[in-house]
Amino acid sequence: MPQTKFWLPESDIPTHWYNVVADMPNAPAPVLGPDGQAIGPDALSAIFPNAVIEQEVSRERWIPIPEPVREIYQMWRPTCLVRAHRLEAALGTPAHIYYKYEGASPAGSHKLNSAIAQAYYNKQEGVTRMTTETGAGQWGSSLALAGQMFGIDVRIYMVKVSYQQKPFRRSMMQAWGATVLASPSMETASGRDALAKDPNNPGSLGLAIAEAVEEAASRADTNYGLGSVLNHVLLHQTVIGLEAKKQFEMAGEYPDMIFAPCGGGSNFGGVAFPFLADKAAGSDVRLVAVEPASCPSLTRGHYAYDFGDTVGLTPLMKQYTLGHDFMPPSIHAGGLRYHGASTLVSQLYHEKLIEAVAVPQLATFEAGVTFARAEGIIPAPESCHAIRACLDEAQRCKEAGEAKVLFFNLSGHGHFDMASYDKYFSGQLEDYAYPEEAIVAALARLPKVPA
């Protein structure tokens, strides 16, 4: 009987995070203030602890993981690498398909990898209160649990459409002691302004970020925790790829292509960045970020300086963006409804070291169902994007007779997303390609940065 699961012992939980900046051919573009001038780390001190700021700007290749963080990781890490034999048979493909199952965490997704670290560093500096945003609820759930573990009160601004679509994610956050608010809300000036312009505003990650940042910046006892986009978040997620590299050694194989869903970029960076180091050393592994066709920041966005939030409270970061005031449609992959992408992911894409594809909503759910019926795990809608791209490549392998090794990150389970699956089964979901004229209009409103 061929081996299906590849487990690492708990002693192989990584001792260090991998910082891709050390191996990038060009230094990351600087972060700018409103005046277009580069800003230093001190500009972030109002909302982040010093340890996180140091990680954000570090160029060291390896960053030690604190032992208390590793001890909590031990609750679910290392996660399993699985050879998808049944899926391969169902597809009739000669490709070897593997996936890393991050849905095994208590919060149900990869997001807990960074939430534990961020809560730890805030606790070390005496912070007792944190704010954050969440789309589908996976990051909010993760920070709620991390806050509970370290005695930190957590307030979560949840994108309104997800707040309405995913009531049990709300319950999950509340069970771990967090306060959950639908964004846009009446709690902040950013939220009130958005509702004044459109009382039916469905919300976006950019707007929820603005609300959470505004509240954190206004209170001395409060810091902000971000679930994606920034360098330190992608750093914390590299435990995924570091474990996977050891597990592929156990399997006696090495991936030809790696797929991960990409909204802000933490999921993709976590699994792909450790393999990018191999690429720099001569490996020809292909790293593919997969995004929704309705929110296609990498594949249809513009590489420019833009705000990380809708209102313009954050510094300016160079990224692939659809415009900070871009309002994505209410698709059911809430974690991917973000106007931009991580500066690191964006720069690597711009320099053609990674690839990106956009896939439509119906095809992603079709892929998720195909996977669930073969492998038994119902994936989160975000994860279905990576599965879709992987299945498409497996079909190409079938047509060409190629036995490629394909690997995707199953970043979370879909147990709290069954209402979305219900809509798919009943034919209530539809594809939505964002109109080019709307993207052009949003890009025209990008901040003007001196050359």
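Structure: see above.
A. View of the pattern of salt bridges. Considering all chains together, one arrives at 22 salt bridges under this definition. Taking the shortest distance from any N to any O, the salt bridge between R61 and D23 comes out at 2.6 Å. Pair noted here: R61 is in the loop between helix 1 (50-57) and strand 3 (62-64) and D23 is in the loop between strand 2 (16-18) and helix 1, with a separation of 38 residues, a long-range link. Between R300 and E436 there is a salt bridge, and its shortest N-O distance comes to 2.8 Å. Residue R300 is located in helix 13 (residues 297-300), and its partner E436 is located in helix 18 (residues 436-443); the two are separated by 136 residues in the primary sequence. Overall, R300 belongs to the partly exposed group, its relative accessible area being 28%. Through salt bridges with shared partners, a single network forms among R77, K100, E102 and E243.

B. Region of the structure containing the packing of aromatic side chains. Scanning the entire structure with this criterion turns up 20 aromatic pairs. Among the aromatic residues, ring-to-ring pairing joins F6, Y98, F248, Y254, F275 and F407 into one connected group. The ring of Y163 carries R170 above its face, with NZ or CZ at 4.1 Å from the centroid.

C. Up close: the layout of surface pockets. When its volume is computed, the largest pocket comes out at roughly 790 Å³. Forming the boundary of the largest pocket are 37 residues, of which V31, I39, L44, E56 and P315 lie nearest the centre. Taken together, the elements giving at least two residues each to the lining of the largest pocket come down to helix 1 and helix 9 (205-217). Sort the elements by how many residues they give to the lining of the largest pocket and helix 9 lands first, with three residues.

D. Highlighting the packing of helix 5 (residues 138-150) against helix 7 (residues 167-175). At a minimum axis distance of 8 Å, the contact between helix 5 and helix 7 shows a crossing angle of 15°. Of the possible angle classes, the one that applies to helix 5 and helix 7 is roughly parallel. When the axes of helix 5 and helix 7 are compared, the crossing they make is left-handed. Contacts between helix 5 and helix 7 involve Q138, G140, S141 and A144 on the former and, on the latter, R169, M172 and M173. A class-by-class count of the residues in the contact of helix 5 with helix 7 yields three nonpolar, three polar and one charged.

E. The nonpolar core, seen in detail. Ranked by size, the top nonpolar core spans 89 residues in total, and within it W17, Y73, I116, Y224, F268, L287 and F407 carry the most contacts. When residues of this core are assigned to their parent elements, the largest contribution, seven residues, is made by helix 4 (residues 112-124). Residues contacting F407, with those up to four places away along its chain left out, are L81, Y98, Y99, K100, A244, F248, P255, M257, I258, F259, V271 and F275.

F. Quick look at helix 4. Spanning 13 residues, helix 4 covers 18 Å between terminal C-alpha atoms, matching the ideal 18 Å at 1.5 Å per step. Within helix 4, the full set of buried residues consists of L112, N113, S114, A115, I116, A117, Q118, A119, Y120, Y121 and N122. Note on helix 4: the residue one or two positions beyond its end, G126, has a positive phi of about 80°.

G. Main features of the pairing of strand 5 (residues 96-101). The buried fraction of strand 5 amounts to five of the six residues, a majority that puts the element mostly inside the structure. Bridge analysis of strand 4 (residues 81-83) against strand 5 gives three bridges, and the strand direction is antiparallel. Residue pairing across strands places L81 opposite K100, the latter belonging to strand 5. Relative to strand 15 (residues 405-410), strand 5 is paired through six bridges, and the arrangement is parallel. Looking at the pairing, K100 lines up with N409 of strand 15.

Rules used throughout
Residues numbered from 1 in each chain as written. Predicted model: local features only at pLDDT ≥ 70, side-chain atom pairs only at ≥ 80, totals over all residues. Heavy atoms only, no water. Salt bridge = Lys/Arg side-chain N within 4 Å of Asp/Glu carboxyl O. Helix = DSSP H or I, 4+ residues; strand = E, 2+ residues; numbered from the N terminus. Buried < 20%, exposed > 50% of the residue type's maximum accessible area, 1.4 Å probe, protein only. Phe/Tyr/Trp six-rings, centres within 6.5 Å; stacked < 30°, edge-to-face > 60°. Lys NZ or Arg CZ within 6 Å of the ring centre and 35° of its normal. 1 Å grid on protein atoms, 1.4 Å probe; cavity = no way out; pocket = protein on both sides within 12 Å on 5 of 7 lines; lining within 4 Å. Points joined across faces, edges and corners; volume = space filled by probe spheres on them. Axes fitted to C-alpha atoms, helices over the stretch in contact; angles between N-to-C directions. Parallel < 35°, antiparallel > 145°, perpendicular 65-115°, else oblique. Left-handed = near helix turned anticlockwise from the far one by under 90°. Contact = heavy atoms within 4.5 Å. Nonpolar A, V, L, I, M, F, W, Y, C, P; charged D, E, K, R; others polar. Core = buried A, V, L, I, M, F, W, Y, C linked by side-chain atoms within 4.5 Å. Expected span 1.5 Å × (residues − 1). Pairing = 2+ DSSP bridges.

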